[in-house]
Amino acid sequence: MKEKKWHNYFNTMRNKYNMRVSPNKPLVIFLQSKEIAKNNNEDLEKTVEHFTKKYNCMAILKQNEVSFIFENAEYIINEINNDKTYKTHDIISIFSQYFFEYYNNINNKTIYWNGKCYTILKEKINSYIKYKKGNLYINGNKINTQEYIKGNIIVKNQNEKELENYFNLKMFEDLLN
């Protein structure tokens, strides 16, 4: 009987600091490395393009860090985690291993990554993009960050994984009515 009590105690302590993320809010996975040379971002760009295309997401890339934004948190959690647990430790540990392996295979040397993950409100995605001030990738495509924030570039459909340029019709609303 005492063994079960101790077992529950350690499970409780482990889960106490392991936050649960919402499947209904966008999920951010932030990865950072101090070992990347400032001039050698080509392999990192290829990796970001691959992951944004594979997982149908956005990424903001800076010199030595990348933030992946998954509007559909449930999708990424189901893709990477057989247990479908929504705990931050589980999500970041699995995703960072995939990222580590892919990046280091094309880079031909070992670079380690520090990671964090958390949810944000959907209405805060553009604010987060502005805050990070990096190159924006969506579904494997590098796009103009300012044009995306202005609303001049949209994602057509999450399943189609395509981008579309268009005129911002809000400027012509009075002509359309």
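Counting starts from 1 at the beginning of each chain's written sequence and moves along it residue by residue. Local features are withheld for residues below a pLDDT of 70 in this predicted model, meaning they are given only at 70 or higher, and side-chain atom pairs are given and counted only at 80 or more; totals for whole chains, interfaces and linings count all residues. Think of the side-chain values as coming from all heavy atoms in the structure, minus any hydrogens and water.

## Some details on the nonpolar core
In terms of nonpolar packing, the biggest core is built from 29 residues, with Leu27, Ile29, Leu31, Phe68, Phe70, Phe95 and Phe99 touching the most fellow members. Helix and strand definitions here come from DSSP, where helices need a minimum of 4 consecutive H or I residues and strands a minimum of 2 consecutive E residues; each element is numbered from the N-terminal end. Of all the secondary-structure elements, those providing two or more residues to this core are β1 (27–32), α2 (42–54), β2 (58–61), β3 (65–70), α3 (73–80) and α4 (88–107). A per-element tally of this core places α4 first, with five residues. We call two residues contacting when some pair of their heavy atoms lies within 4.5 Å. If we ignore the near neighbours within four places in the chain, the residues touching phenylalanine 70 are Pro26, Leu27, Ile29, Tyr55, Cys57, Ile76 and Phe95. The definition of a nonpolar core used throughout is a set of buried Ala, Val, Leu, Ile, Met, Phe, Trp, Tyr and Cys residues joined through side-chain atoms within 4.5 Å. Burial classes: relative accessible area under 20% of the type maximum marks a residue as buried, over 50% as exposed, and values in between as partly exposed (1.4 Å probe, protein chains only). Grouped together as the second largest cluster of nonpolar side chains are 15 residues, Phe30, Ile129, Leu136 and Tyr148 included.

## Some points on the sheet that holds strand β5 (residues 135–138)
In spatial order, the strands read β4-β1-β3-β2-β5-β6; together these six strands make up an open sheet with antiparallel pairing. Two strands lie at the open edges of the sheet, namely β4 (114–119) and β6 (141–143), each paired on one side alone. For this sheet, the mean inter-axis angle between neighbouring strands, taken without regard to orientation, is 20 degrees. Bridge count between β5 and β6: three bridges; the pairing is antiparallel. From the neighbouring strand, isoleucine 138 faces β6, where its bridge partner is asparagine 141. Paired strands, as defined in this entry, are two strands with at least two bridges between them according to DSSP. Angles run from 0 to 180 degrees between N-to-C directions of axes, and those axes are lines fitted to C-alpha atoms, restricted for helices to the stretch in contact.

## Brief notes about the packing of aromatic side chains
Any pair of aromatic rings gets described here by the distance separating the centres and the angle formed by the planes. By convention, a stacked pair of Phe, Tyr or Trp rings (six-membered ring in the case of Trp) has centres within 6.5 Å and planes under 30 degrees apart, an edge-to-face pair has planes over 60 apart, and any other such pair is tilted. Summed over the entire model, instances satisfying the criterion amount to 15 aromatic pairs. Clustering of aromatic rings is evident, with ring pairs tying together Phe51, Tyr55, Phe68, Phe70, Phe95, Phe99, Tyr102, Tyr103 and Trp113.

## Re the confidence of the model for the protein chain
Summary of the metric used: pLDDT quantifies the predictor's per-residue confidence within the range 0 to 100. Residue-level pLDDT values for the protein chain average 80, and 76% of them are 70 or greater. Low confidence marks residues 157–162, where pLDDT is under 50. Its contacts with residues over four positions away, or in another chain, come to 13 contacts.

## Thoughts on α3
Those residues of α3 not exposed but buried are Ala73, Ile76, Ile77 and Ile80. Burial along α3 is one-sided: seen end-on, the buried residues are contained in an arc of 100 degrees. Where the residues of α3 are buried, they touch β1, β3 and α4. For α3, the N-terminal capping position is held by asparagine 72, with its side-chain oxygen 3.3 Å away from the main-chain nitrogen of glutamate 74. Each C-beta atom gives one direction from the helix axis, and the arc is the one those directions make. Any N or O atom pair separated by 3.5 Å or less is treated as a polar contact, with the protein-specific requirement of one donor-capable and one acceptor-capable atom, and with residues adjacent in sequence counted only for side-chain atom pairs.

## As for the pattern of salt bridges
By definition, a salt bridge exists where a carboxyl oxygen of Asp or Glu is found within 4 Å of a side-chain nitrogen of Lys or Arg. Tallying each qualifying case throughout the model produces four salt bridges. The salt bridge involving lysine 132 is made with glutamate 65; its shortest N-O contact spans 3.3 Å. Residue lysine 132 is found in helix α5 (residues 125–132), and its partner glutamate 65 is found in strand β3; the two are separated by 67 residues along the sequence. The partner of glutamate 147 in a salt bridge is lysine 150, with the nearest N and O atoms 3.8 Å apart. Of this pair, glutamate 147 and lysine 150 both sit in helix α6 (residues 145–150), three residues apart, which is roughly one turn of that helix. Glutamate 147 sits in the partly exposed class, given a relative accessible area of 27%. Residue lysine 150 is classed as exposed on the basis of its relative accessible area, which comes to 52%.

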